[in-house]
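Okay, here's what each chain looks like letter by letter:
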Amino acid sequence: MNCEHDVAIVGAGFAGLTLALQLKGMAPRASVALVDWERRPLPEAAFKIGEATSELGAHYLARKLELQEMLQERHLLKCGLRFFLGDSRKPIAERPEYGPVRFPPVESFQLDRGRLENDLRARCEESGVQLLEGYSVEEIRLGEGGEPHALRIRGRDGGGEMTLRARWTVDCSGRKRLLWKQLGLGAESPLEHSSCWFRVKGRCDLARLVPAENTAWHERVPGGIRFHSTNHLVGRGYWLWLIPLASGNTSVGIVYDERIHDGDAFASHESTMGWLREHEPELARLAGGFEVMDFAGFRRFSYETTRFYSGDRWACVGEAAAFLDPFYSPGADFIALANSFAAGLIVADLAGGLTPKAVDRANAVMLKFQRAFTDVFLNQYSIYGHTRVMTAKVIWDNSSYWVFVCQMFFQDLIFDDAALDRFLELFSRYHELNVRVQKLFRDWAARSSDASGFGHLGYADFEIAVRSHIELGRRRSPKRALAFISENLDRFTAWAVLLFCVAADEIHPEAGGRLDEGWLRPEHIDLDLLDAAVAVSESAGAEDRAPWAREFAGLKRQMGRLFPDRARLGGA
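Bear in mind the structure is a predicted one, so any value in this text is a computation, not a measurement.

Draft legend 1. Representation of the overall build of the protein. Counting secondary structure elements, the protein contains 16 helices and 20 strands. On C-alpha atoms alone, the protein measures out to a radius of gyration of 24 Å, which is about the 25 Å that the 2.2 N^0.38 rule sets for 572 residues. When contacts within the protein are restricted to residue pairs at least 6 apart in sequence, those whose partners lie at least 24 apart make up 77%. Of the roughly 21500 Å² that the protein leaves accessible, carbon and sulfur atoms contribute 48%. Of the charged side chains in the protein, 70 are positive and 78 negative, and the gap between their average positions amounts to 2 Å.

Draft legend 2. Broad picture of the sheet that holds strand β14 (residues 238-244). Reading across the sheet, the 8 strands line up as β16-β12-β15-β14-β13-β4-β5-β20 and stay open at both edges, with mixed pairing between neighbours. This sheet does not close on itself; its edge strands, each paired only once, are β16 (296-298) and β20 (456-457).

Draft legend 3. Representation of the packing of aromatic side chains. Under the criterion given, the structure shown has 30 aromatic pairs. Taken together, the ring pairs connect F83, W239, W241, F327, Y328, F377, Y381 and Y384 into an aromatic cluster. When the ring centre of F298 is taken as origin, the NZ or CZ atom of R175, which lies over that ring, is 4.2 Å away. When the ring centre of W217 is taken as reference, the NZ or CZ atom of R226 above it lies at 3.5 Å.

Draft legend 4. Broad picture of the nonpolar core. I9, Y309, F369, W396 and W444 are the most contacted members of the largest nonpolar core, which has 156 residues in total. Ranked by the residues each element gives to this core, the list is headed by helix α14 (residues 478-507), at 16 residues. If we ignore the near neighbours within four places in the chain, the residues touching I9 are G16, L19, A20, L23, V32, A33, L34, V35, V170 and C172. Counting 26 residues, the second-largest nonpolar core is a separate cluster that includes F198, V200, L283 and A287.

Draft legend 5. View of the packing of helix α1 (residues 14-26) against helix α4 (residues 113-126). Where α1 meets α4, the axes come as close as 10 Å, and the angle between the chain directions of the two elements is 30 degrees. In this view, α1 runs roughly parallel relative to α4, as classed from their interaxial angle. Helix-helix and strand crossings are classified by hand; for α1 and α4 the assignment is left-handed. Contact with α1, carried on its side by F14, L17, T18, A20 and L21, involves R113, L116, E117, L120, R121, R123 and C124 of α4 and no other residues of that element. Of the residues contributing to the contact of α1 with α4, the split by class is 7 nonpolar, 1 polar and 4 charged.

Draft legend 6. Local environment of the packing of helix α11 (residues 387-410) against helix α12 (residues 417-447). Running from N to C, α11 and α12 point in directions that differ by 175 degrees, and their axes come no closer than 11 Å. With respect to α12, the axis of α11 lies roughly antiparallel. Here V389, A392, K393, W396, D397, S400, F404, V405 and M408 of α11 lie close against α12, whose contacting residues are L420, F423, F427, Y430, L433, N434, V437, Q438, F441, W444 and A445. For the contact of α11 with α12, a count of residues per class yields 15 nonpolar, 3 polar and 2 charged.

Draft legend 7. Spatial organisation of the pattern of salt bridges. Tallied over the full model, the rule gives 41 salt bridges. Note that E51 is salt-bridged to R199, the shortest N-O span being 2.9 Å. You can see E51 sitting in the loop between β2 (32-36) and α2 (55-64) and its partner R199 sitting in strand β12 (residues 193-200), a full 148 residues away along the chain. Judged by its relative accessible area of 3%, R199 is buried. As a salt-bridge pair, R141 and E139 come within 3.1 Å of each other at their nearest N and O atoms. Counted as one network, the salt bridges with shared partners bring together D36, R40, R121, E125 and E133.

What counts, and at which threshold
Within each chain, residue numbers correspond to sequence positions counted from 1 in written order. Whole-chain, interface and lining totals are the exception, using all residues; otherwise, since this is a predicted model, local features are given only for residues with pLDDT of at least 70 and side-chain atom pairs are given and counted only at 80 or more. Hydrogens and water molecules were not included; the side-chain quantities draw on all heavy atoms of the structure. Here a helix means four or more residues in a row that DSSP labels H or I, a strand means two or more in a row labelled E, and each is numbered from the N terminus. Only the C-alpha atoms count toward the radius of gyration. The rule for a globule is 2.2 Å times the residue count to the power 0.38. Contact between two residues is taken to exist if any of their heavy atoms lie within 4.5 Å; hydrogens are not considered. Under the convention used here, a 1.4 Å probe and the Shrake-Rupley method define accessible areas, while residue burial counts only the protein chains that appear. Under this rule, positive means Lys or Arg and negative means Asp or Glu; His and the chain ends count for nothing. To locate a charge, the coordinates of NZ of Lys, CZ of Arg, CG of Asp or CD of Glu are taken. DSSP bridges decide pairing: two strands pair if at least two such bridges lie between them. Centre distance within 6.5 Å is the pairing criterion for rings of Phe, Tyr and Trp, where only the six-membered ring of Trp is used; planes under 30 degrees apart are then read as stacked, over 60 as edge-to-face, and the remainder as tilted. We count a charge as sitting over a ring when the NZ of a lysine or the CZ of an arginine lies within 6 Å of the ring centre and within 35 degrees of the ring normal. What makes a nonpolar core is a set of buried Ala, Val, Leu, Ile, Met, Phe, Trp, Tyr and Cys residues whose side-chain atoms join them at distances within 4.5 Å. Remark: exposure states derive from per-residue accessible area (1.4 Å probe, protein chains only) relative to the maximum for the residue type, with buried under 20%, exposed over 50%, and partly exposed in between. Axis definition: a line fitted to C-alpha atoms, over the contacting stretch in the case of helices. Angles run 0 to 180 degrees between N-to-C directions. When an angle is under 35 degrees it counts as roughly parallel; over 145 it counts as roughly antiparallel; between 65 and 115 it counts as roughly perpendicular; any other value is oblique. Take the far helix as the reference: if the near one is turned anticlockwise from it by less than a right angle, the crossing is left-handed, and if turned clockwise, right-handed. Residues are sorted three ways: Asp, Glu, Lys and Arg are charged, Ala, Val, Leu, Ile, Met, Phe, Trp, Tyr, Cys and Pro are nonpolar, and all the rest, Gly among them, are polar. The salt bridge definition used is simple: a Lys or Arg side-chain nitrogen within 4 Å of an Asp or Glu carboxyl oxygen.

Structural data, given as structure tokens:
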């Protein structure tokens, strides 16, 4: 039996289902087939991890795919990211907390993956996608010279074989990585992180660890909304997640650096609970009272790709291409980005307008994002046990994500070639700056005593974070979006310089923020720029010397809330 399609998608998971819906929305007459081993009904709970979305992935689902009503009715609204830092053996109420006190204005969601994928399969069928459930892909023969690709598929339980012929083949097979392996696309990741996870039946809420009479702790984040955050408990070399699910259950996971923690400690649920009792005894006490629904894990889970798209009419998206790190929940973001480029290339090809330059540009942006996100996580897990440097990193990382990556996606620059070229230029400059700042965080934490912490800080304590987040709700033309991103490149340069000054003031106060030798080296940041920043920060009326200089007073005030003991910020 031969079937003819415009697009054959291998894998009906999150990536494949959303790509099929996006394609049908952009090109309703396109013939799309989805092939997947699993049959419905998929189990709602304890099915797949990847429950949390960030703003970009949520925007993709809710706005681009028009699923907002379904998400609001069938899943949970997410109350941002929340972090509990400091001494992991202390009661949770005594640990410094960074997180919002209300639901952020730009929404994100906590997803029950089985429930979501059941609903997405139904939506795909309603939109005209041919969904072939219960089939494995035995072979992909890529066509040459414009010939269609051929996919030999076999039904499970002794079912028959058939061949799908399609102009485009998109690999969304997850960690099977069919084309990645067939074409030798793999690239080694420098990340050495591993993870284990389990789901528990019921509401595993950290607030249960804090006595009701501690009203100050409960009321500083009112309404019990802490539970709706992606809650992170962090310590040196690891972080844990607690994610609520609409099914009434809770996802619990541990991610750790193999160079700091022995992966054998996480081989089973029993051994993992032993590790928790040593490192996070409060959570161990709480989680130990719940029925465990599943347990699984991945050792050294990170891998990269050398190519996402080809002019020979194939693409790899989702985990079929790359997987970096789950911190900040970027999985849905990468699917949204990769799918959108793939859909744009496919629709252009079906209209007869695909160019090699468009393919190269899409690859260049995705490979740049792959590198940039890796640098956010590379050698950073040692910082996670440091209260204030870690908080500074989270504020920096979140704000830059909202300003650069999210703005590009929210403002549809993906589909504007000239705007995308300009964005790539600006983002490359930001990436160079960010590499230096990430090295600063790493070196700073290694040399700081972390002598003081804080009780609670929220998004609203840092105007640059609030502004970066709220601006996602404003619609801009490509020209205005690029101007906004360019202005923020200056703003983030000022912020970076200030962070270097604060670090220098803490580590070497005798140098007065000026270090020509020692741990702050030219590879961190241009020392001339550092000297200029110090001069600007100390000279009245000097704000006109550089565009970024105008930001110094406000940034000093904001960072002073995190580092009140630093003289350079007006503290003691």
